[in-house]
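Coordinate analysis (summary)
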Amino acid sequence: MGKITEKLLLEKLKAGSSSSDLPVPLLSRLRCLEQLDLSGNRLQEMPSGLVLPSLRSLDLTNNEMEDVTTLDTLTTLEDLRIEDNLYITVNDNYKLIILLPKLRFYNGKDISNTANHVRYANSENLRKRVLALWETSFSLPDHRTAEKLAIVERDFVSAVRHKVKYGPSSLTDYTKWRVGFNCLLRFSFPYKDNDFCFIGVQLEPCIFSHWFLTLPFRFLTSKRKRSASAVKSDVTLNPQKIARSSRLQSIPHKAERPISTTPRTHKAAQIPATPIRGQSKLLVTPGNGLRENLQPLHVLQCHSKQDSPDDFSTQLWACSFQPPLDYNGDVNGATRIVATCGGESVCLIDCETGLVMKKYKVPGEEFFSLAWSTVLMSRKGNICLRPCSILAAGGKRGLVKLLHPRANMAYGEFRASRKALSILCFSPRQGNLLFTGSYDKNILLWDIGGVDSDYNFKVTQLLVLETTSTPLHFCLPPATPDTHLIAACEKGLHSYNIQLNKDPKKRSEEMEITFPVYEKDKDHDYHTIDGLGFLTNDVVASKSHMQGSIYLWSWNDTRAQRPNRKKKKKEVCAVILVELQWSSTDIPYLSLNTCPSKGYVVCGDERGRLWTYHVTDLKANFRSGKAIPATEILAWPLPVRNGQGPVEGPPINSVAMDPELRYLVALSDKNMAVVWIRTESS
């Protein structure tokens, strides 16, 4: 590279740059650079490998910084400005004081006194507490081997993160991070014996939860590129050892007043994946055909009451993968973050690492459903609106909680019903439109709007859709998500016209869709539709309680039979394409899900198994006949509870797949979430 000139720098450093756009080799040549202004860009972190040995002043105002630990190479910094970065928290402020030992001015203020206290008095107090924990609860093994030392190391660092507490609860994240940082960098480990020196390991600053489940075989995760927020290590599942603890991070939320409400027994609905175009003529690959080679990867127990490893009563209800966004807000690419809900908490799990990245808890609540969406956020002094991914969750209190996980913020709530909420669903075309279903037998459409930088928002009720029973699942037809809603309810499957330019604002069903099973066995009531999802633009998968099979049927052909408005009878029989064999259980509300891009339907059963069906287009007409068997039935992985043997398979309430079917997540009725991974076929 030639001489560095002002022209060259201006060409390489363009306005609106992201972290990956910064020319690290070029900048690292500026050995004498003392002041750098990177304000008004889209930086989420400082790029790795950037070394500026003379830098004294850095301006990162108005960026999108998330990981402040990436500034740790800039140890000569004395003045840092990092205002108007939405995701920077008070915990990050304290981390920067430790990472940047010469920092004296922060956002224009002299922090010398505070910094000295944090670096010396605070650190010394933490160091003493860590040492006290070792002296009272730990010792080196008699016969020292690398394996035994690794076990002691793991247990000690875990205990430190659990038990060493210091400062206000608002700084819990910083304290956990600082303790791990101390163990690694401040004093390593003081106890030496012969040639052994026990060295602490720096762990990601999240709180531990209980993981006591291991699989009865050993294998390693496949190696993939991981995000900056995840630990870079392979996970070994070993039946002789307790699995590694997952990490939790509490999302701040408003204080809740305790409400004494008897929990309802409920199975939540699955948010359907985004469907793709398809035909109404289908082929289902039989059991000896193509398989996606899914293998169990993690078993987690992260919704426990009071983080108890003995909690097998908390029911897990719903899960959904976070839709990835590009800078323009378009959904693209793959995702490995899944949201799960059950009991009084909502968790965000990294499927690759098995870590619980964030956890939101409301004492006294029981969450039944959740849904992802994208809304627009405005920022101070900036007319440009930026998309942000939000999560809505609701349950027995009838309140919808609105979360912005990336900012660790529960930014609002509103009452959608005086009774429990059973299902939430956002419009895929208009992310601010939210459908809620509740036990008061109503379906409501809300406009939750966008948010500003202070998280101000406004909620408006747009429609009321009347039904005669509790809604369990919602589907919006992929080709017409603005005109129709299909609702699976306790007493049937109903279709509604949801066009906002039509009157009235309180509407009854347009038609009820019936199924052949209603007539086959009149001794039983099969009207409870407890599974629903679009497989293509036209093909719908659904099942009834106690049906023992799953129907694939045509939405377009069925709707073409809708009755004339003048007729009182609104029933229309679904145009069945194929019937899939499933479990003959009488347990209700075991929901199914679809992966349109791979042509897969998956449904769990009462024994922890997953029934998978690979459905493809067929040029020839499909001949109806007896129910077709599953492509593959994935057995319950028999996780081993420490010291008490394997755990038998519980009912699977909900399943979710990412758009590319890299991961499959199954939630059980007994507080266990299983992550499956698709491996390459041999």
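Our subject is the structure that appears above.
Here goes a summary of the coordinates provided. The structure presented is a predicted model; accordingly, all values stated were derived computationally and were not measured.

A short note on the overall build of the protein chain
For the protein chain, the count of helices and strands is 8 helices and 43 strands. The buried share of the protein chain, taken over its 682 residues, is 54%. Of all intrachain contacts in the protein chain linking residues separated by at least 6 positions in sequence, the fraction that spans at least 24 positions is 59%. A total accessible area of about 30400 Å² is found for the protein chain, and carbon and sulfur atoms account for 49% of it.

Some words on the packing of aromatic side chains
Here the structure, examined in full by the defined rule, presents 13 aromatic pairs. Taking 5.5 Å as the distance between ring centres and 90 degrees as the angle between the ring planes, the aromatic pair formed by Tyr411 and Phe457 counts as edge-to-face. Here the residue Tyr411 occupies a position in strand β20 (residues 409-415), and Phe457 occupies one in the loop between β23 (442-447) and β24 (460-466), the gap between them amounting to 46 residues. Accessibility expressed as a relative area gives 26% for Phe457, which makes it partly exposed. A centroid spacing of 6.5 Å and a plane angle of 70 degrees characterise the contact between Phe435 and Phe474, whose relative ring orientation is edge-to-face. Of the two residues, Phe435 sits in strand β22 (residues 433-438) while Phe474 sits in strand β25 (residues 471-475), which places them 39 residues apart along the sequence. Residues Phe435 and Phe474 agree in their burial class; the two are buried.

Focus: the pairing of strand β43 (residues 673-678)
With respect to burial, β43 is a largely interior element, 5 of its 6 residues being buried. Where strand β12 (residues 294-300) meets β43, 6 bridges bridge the pair, whose relative direction is antiparallel. Among the inter-strand pairings, Pro296 is bridged to a residue of β43, identified as Trp676. The sheet contact formed by strand β42 (residues 663-668) and β43 spans 5 bridges and is antiparallel. Bridging from a neighbouring strand, Val665 pairs with Val675 of β43. Between the antiparallel neighbours β42 and β43 lie 4 residues, among them Asn671 with a positive phi of about 65 degrees.

Let's talk about the nonpolar core
Membership of the largest hydrophobic core comes to 33 residues, with the highest contact counts inside it found for Leu58, Leu60 and Leu80. Looking at this core, the elements with two or more residues in it are α2 (24-28), α3 (90-99), α4 (112-137) and α6 (172-186). Among the elements that make up this core, the one with the highest residue count is α3 (4 residues). In this structure, Leu80 is in contact with Leu58, Leu60, Leu71, Leu96, Leu100, Leu103, Phe105, Tyr106 and Asn107, ignoring residues within four places of it in sequence. If you look at the next biggest cluster of nonpolar residues, it comprises 23 residues, including Ala371, Ala407, Tyr411 and Tyr455.

Observations regarding the environment of Glu648
Mapping Glu648 onto the fold places it in the loop between β40 (645-646) and β41 (652-657). Between the alpha carbons of Glu648 and Gly608 there is a distance of 8.0 Å; along the sequence they are 40 residues apart. Each residue touching Glu648, except ones within four places of it in the same chain, is listed here: Trp636 and Leu638.

Some details on the environment of Lys102
Structurally, Lys102 can be placed in the loop between α3 and β4 (105-106). Given a relative accessible area of 47%, Lys102 falls into the partly exposed group. Leaving out residues up to four positions away in the same chain, Lys102 has contacts with Thr75, Thr76, Leu77, Glu78 and Arg119.

Quick word on unusual backbone geometry
That bond from Asp503 to Pro504 is cis: its omega, 0 degrees, falls within 30 degrees of zero. One non-glycine residue, Asn62, lies in the positive phi region at around 60 degrees. At Asp84, a position not held by glycine, the phi torsion is positive, near 55 degrees. By secondary structure assignment, the location of Asp84 is in the loop between β3 (79-81) and α3. What makes Asp84 partly exposed here is its relative accessible area of 35%.

Examining the pattern of salt bridges
Under the criterion given, the structure shown has 16 salt bridges. Of the charged contacts in the structure, one is a salt bridge between Glu78 and Arg56, with a shortest N-O distance of 3.3 Å. A residue pair is termed long-range when its members are at least 10 positions apart, and Glu78 in the loop between β2 (57-59) and β3 and Arg56 in the loop between β1 (35-37) and β2 qualify at 22 residues. In this structure, Glu466 and Lys506 form a salt bridge, with 3.6 Å as the shortest nitrogen-oxygen distance. In this pair, Glu466 sits in strand β24 while Lys506 sits in strand β28 (residues 506-507), placing the two residues 40 residues apart along the sequence.

Notes on helix α5 (residues 146-163)
A rise of 1.5 Å per residue sets the reference length of α5, with its 18 residues, at 26 Å; its end C-alpha atoms lie 25 Å apart and thus fit the reference within 8%. Buried within α5 are the following residues: Leu149, Val152, Glu153, Phe156, Val157, Ser158, Ala159, Val160 and Arg161.

Thoughts on α4
If you check α4, its first and last C-alpha atoms are 37 Å apart, about what 26 residues at 1.5 Å a residue would give, namely 38 Å. In the structure, α4 departs most strongly from a straight axis at Val118, where the bend amounts to approximately 30 degrees. All of the buried residues in α4 are Ala115, Val118, Arg119, Asn122, Ser123, Leu126, Val130, Leu131, Leu133 and Trp134.

Describing the pairing of β24
Alignment of β23 against β24, held across 6 bridges, turns out to be antiparallel. Across the sheet, the residue bridging to Leu445 is Leu463, located in β24. Relative to β28, β24 is paired through 2 bridges, and the arrangement is parallel. In the sheet register, Val464 faces β28, and the bridge partner there is Lys506.

Procedures and definitions
- Residues numbered from 1 in each chain as written.
- Predicted model: local features only at pLDDT ≥ 70, side-chain atom pairs only at ≥ 80, totals over all residues.
- Heavy atoms only, no water.
- Helix = DSSP H or I, 4+ residues; strand = E, 2+ residues; numbered from the N terminus.
- Buried < 20%, exposed > 50% of the residue type's maximum accessible area, 1.4 Å probe, protein only.
- Contact = heavy atoms within 4.5 Å.
- Areas by Shrake-Rupley, 256 points an atom, 1.4 Å probe, with all protein chains shown as cover.
- Phe/Tyr/Trp six-rings, centres within 6.5 Å; stacked < 30°, edge-to-face > 60°.
- Pairing = 2+ DSSP bridges.
- Core = buried A, V, L, I, M, F, W, Y, C linked by side-chain atoms within 4.5 Å.
- Salt bridge = Lys/Arg side-chain N within 4 Å of Asp/Glu carboxyl O.
- Expected span 1.5 Å × (residues − 1).
- Bend = angle between axes of the 7 residues up to and from the residue.

By themselves, these figures tell us nothing about what the structure is for.
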